[in-house]
Amino acid sequence: MKNKCCVFGKFVKSEFVSSENISDILSEAFERAAIAATPDIDCILDILDNVSAAWADPNYHLRVKAAEVMPKLTDFSPEMTDAGFDVVSQICARKTLEKRLKGEFNSLRLFDEGEEQPHLGYKLKAKSRGVLVHLTAGNVFVGAVDSLVSGIITKNVNILKMSRVDTVFPVLFIESIKEHDPAGIIWPNQAAISWKGGDESIENPILNSPATIVFWGGDEALKSLKSRLGDAAKLVENGPRFSFAVIEGRKIKVSTAPQIAASLALDVARWDQQACSSPHVVYVLDKDIKTSHLLMEYLYDELLKLSEDLPAGNLTFDEKVEIRKVRELAAMSQAKGEGRLECPEDFSFTLVLEY
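### A look at the pairing of strand β6 (residues 157-161)
Here is step 1 of the chain: Burial analysis of β6 places five of its five residues in the buried class, the great majority of the element.
Here is step 2 of the chain: Side-chain alternation along β6 places Val157, Ile159 and Lys161 on one buried face and Asn158 and Leu160 on a second face that is also buried.
Here is step 3 of the chain: Here five bridges tie strand β5 (residues 131-135) to β6, and the two strands are oriented parallel to one another. Looking at β6, one finds that Leu135 is bridged to Lys161.
Here is step 4 of the chain: Traced from β5 through helix α6 (residues 142-153) to β6, the parallel crossover comes out right-handed.
Here is step 5 of the chain: Note that β6 and strand β7 (residues 190-193) share four bridges and pair parallel. Note that in β7 the partner of Asn158 across the bridge is Gln190.
Here is step 6 of the chain: One crossover worth recording links β6 to the parallel β7 by way of helix α7 (residues 169-179), and it is right-handed.

What follows is the structure in structure tokens.
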């Protein structure tokens, strides 16, 4: 499958973006801002809801095409990739988007006619930023879609820089919007493009434009970006995250413990722990260490099941070496009576208990 980009209604070669045309791309984006801000939110949600229904279908032709290439690109197992397509469907569902808009803005209409404020005698109205440039991370392919959809429902023009890991899925996703947007209400206001990170001849015009930069990535990259950001640009930071879970011991001692372990195992297993939402550490709040042992046993059983249904992706030799190191140190602690190790013979998962 040949890589390509999408630039405001045109599908072009992947190397299309250059220092010669980036200013033209930005100019077109700002020209489109007024158009992107016009549609009624119900119209936008209807289109995305139809996109959601399409990606929910395992036989949808773009999902089938994505399923052929994504495991090779991302090193996620085919089962994990399929789970990702289901998440894409959930992200685009009207129910999800209404919940997001109401949760963050307390209204669906804030970007339309506005919302009357009780007892104050005026309406509150939100204004789109205009142009969003999404600098996405490559750890989980659905992250780019989530960022893009956030820009769409807030009525912005979106320029998505695809990660070097995945220059396929964002374009397929925009193709799916096109299929369900025959009137061209949303999809011509989207761009998914790629360039080599750090190329100042392309990045400087972007970072010095009055765009809003939506950043996803590590701490060093964020610091570098901030040092180069122009006065006219705005920044939305989604910097590094380290997720964990906290469980009260008393919850583990009741009949809900198996359900807690099942939910926790799913969070742990998804995305091979590469996503910000995947906890690496679970804190158990209880003076009695037996509670932690009990949770560990429940969790082991659930992860064992999930290793069949949602297997981990490919591991490099170096990754396997690091896992062995962790296991050997945990085994030494267990021998000293200072912890516990539970893991299958393969590398599908490792549970370490530290007192």
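### Notes on the packing of helix α3 (residues 61-74) against α7
Here is step 1 of the chain: Direction vectors running N to C along α3 and α7 enclose 175°, while the axes themselves pass 10 Å from each other. When the axes of α3 and α7 are compared, the pair comes out roughly antiparallel. Contacts between α3 and α7 involve His61, Leu62, Lys65, Ala66 and Met70 from the first element and Phe169, Leu172, Glu175, Ser176 and Glu179 from the second.
Here is step 2 of the chain: Each residue belonging to the contact of α3 with α7 can be placed in one class, and the counts come to five nonpolar, two polar and three charged.

### With respect to α7
Here is step 1 of the chain: Here α7 lies mainly inside the structure; nine of its eleven residues are buried.
Here is step 2 of the chain: For α7, the full list of buried residues reads Phe169, Pro170, Val171, Leu172, Phe173, Ile174, Glu175, Ser176 and Ile177.

### So, the confidence of the model for the protein
Here is step 1 of the chain: Across the protein, the average pLDDT comes to 92, with 99% of residues at 70 or higher.
Here is step 2 of the chain: Here strand β3 (residues 115-117) is the element of the protein with the lowest mean pLDDT, 82, and helix α2 (residues 41-56) is the one with the highest, 97.

### Concerning the pairing of strand β8 (residues 212-216)
Here is step 1 of the chain: Where burial is concerned, most of β8 is hidden: four out of the five residues are buried.
Here is step 2 of the chain: In this sheet, β8 lies alongside β5 in parallel orientation, the contact comprising four bridges. Looking at the pairing, Val133 lines up with Ile213 of β8.
Here is step 3 of the chain: The pairing of β8 with strand β9 (residues 234-238) spans five bridges and is parallel. Bridged to Phe215 within β9 is Glu237.
Here is step 4 of the chain: Between β8 and its parallel partner β9, the chain crosses via helix α9 (residues 219-228), and the hand of that crossover is right-handed.

### Some points on a negative patch on the surface
Here is step 1 of the chain: On the surface, Glu79, Glu308, Asp309, Glu345 and Asp346 cluster together into a patch of negative charge.
Here is step 2 of the chain: The topology assignment puts Glu345 in the loop between β12 (339-342) and β13 (351-354).

### Re the packing of aromatic side chains
Here is step 1 of the chain: Tallied over the entire structure, the rule returns twelve aromatic pairs.
Here is step 2 of the chain: On the basis of an interplanar angle of 85° and a centroid distance of 5.2 Å, the ring pair of Phe105 and Phe111 is categorised as edge-to-face.
Here is step 3 of the chain: Exposure remark for Phe105: the relative accessible area of 29% places this residue in the partly exposed category.
Here is step 4 of the chain: Cluster of aromatic residues (ring-pair linked, three or more members): Trp55, Tyr60, Phe76, Phe85, Phe141, Phe169 and Trp271.
Here is step 5 of the chain: When the ring centre of Phe11 is taken as reference, the NZ or CZ atom of Lys4 above it lies at 5.2 Å.
Here is step 6 of the chain: In this structure, Lys161 packs its charged tip against the face of Trp195, placed 5.2 Å from the ring centre.

### Side note on the nonpolar core
Here is step 1 of the chain: Among the nonpolar cores identified, the biggest contains 92 residues, and Leu48, Trp55, Val149, Ile159, Phe169, Phe173 and Trp271 are the most heavily contacted of them.
Here is step 2 of the chain: Not counting residues within four places of it along the chain, the set of residues in contact with Trp55 comprises Tyr60, Leu62, Arg63, Ala66, Phe85, Val88, Ser89, Phe169, Leu172, Phe173 and Ser176.

### Examining the sheet that holds β7
Here is step 1 of the chain: What the seven strands build is an open sheet, ordered β2-β1-β7-β6-β5-β8-β9; its pairing is mixed. In the strand order of this sheet, the two ends are held by β2 (10-13) and β9, each with one partner. Across this sheet, the average inter-strand angle for adjacent strands is 20°, counted without regard to direction.
Here is step 2 of the chain: Strand contacts of helix α1 (residues 22-36): β1 (4-7), β2, β5 and β6, with the helix running at about 140° to β6, the strand carrying the most contacts.

### Quick word on the environment of Lys161
Here is step 1 of the chain: Position of Lys161 among the secondary structure elements: in strand β6.
Here is step 2 of the chain: What Lys161 contacts, discounting residues up to four positions off in sequence, is His134, Leu135, Thr136, Ile193, Trp195 and Gly197.
Here is step 3 of the chain: A polar contact of 3.3 Å, which involves the side chain of Lys161, links it to the backbone oxygen of Trp195.

Rules used throughout
Residues numbered from 1 in each chain as written. Predicted model: local features only at pLDDT ≥ 70, side-chain atom pairs only at ≥ 80, totals over all residues. Heavy atoms only, no water. Buried < 20%, exposed > 50% of the residue type's maximum accessible area, 1.4 Å probe, protein only. Helix = DSSP H or I, 4+ residues; strand = E, 2+ residues; numbered from the N terminus. Pairing = 2+ DSSP bridges. Right-handed = clockwise from strand over helix to strand, strands pointing away. Axes fitted to C-alpha atoms, helices over the stretch in contact; angles between N-to-C directions. Parallel < 35°, antiparallel > 145°, perpendicular 65-115°, else oblique. Contact = heavy atoms within 4.5 Å. Nonpolar A, V, L, I, M, F, W, Y, C, P; charged D, E, K, R; others polar. pLDDT = per-residue confidence, 0-100. Patch = residues over 30% accessible without salt bridge, like charges linked within 9 Å, V, L, I, M, F, W, Y side chains within 5 Å. Areas by Shrake-Rupley, 256 points an atom, 1.4 Å probe, with all protein chains shown as cover. Salt bridge = Lys/Arg side-chain N within 4 Å of Asp/Glu carboxyl O. Lys, Arg positive; Asp, Glu negative; His and termini not counted. Charge placed at Lys NZ, Arg CZ, Asp CG, Glu CD. Phe/Tyr/Trp six-rings, centres within 6.5 Å; stacked < 30°, edge-to-face > 60°. Lys NZ or Arg CZ within 6 Å of the ring centre and 35° of its normal. Core = buried A, V, L, I, M, F, W, Y, C linked by side-chain atoms within 4.5 Å. Polar contact = N/O pair within 3.5 Å; in protein donor to acceptor, adjacent residues only side chain to side chain.

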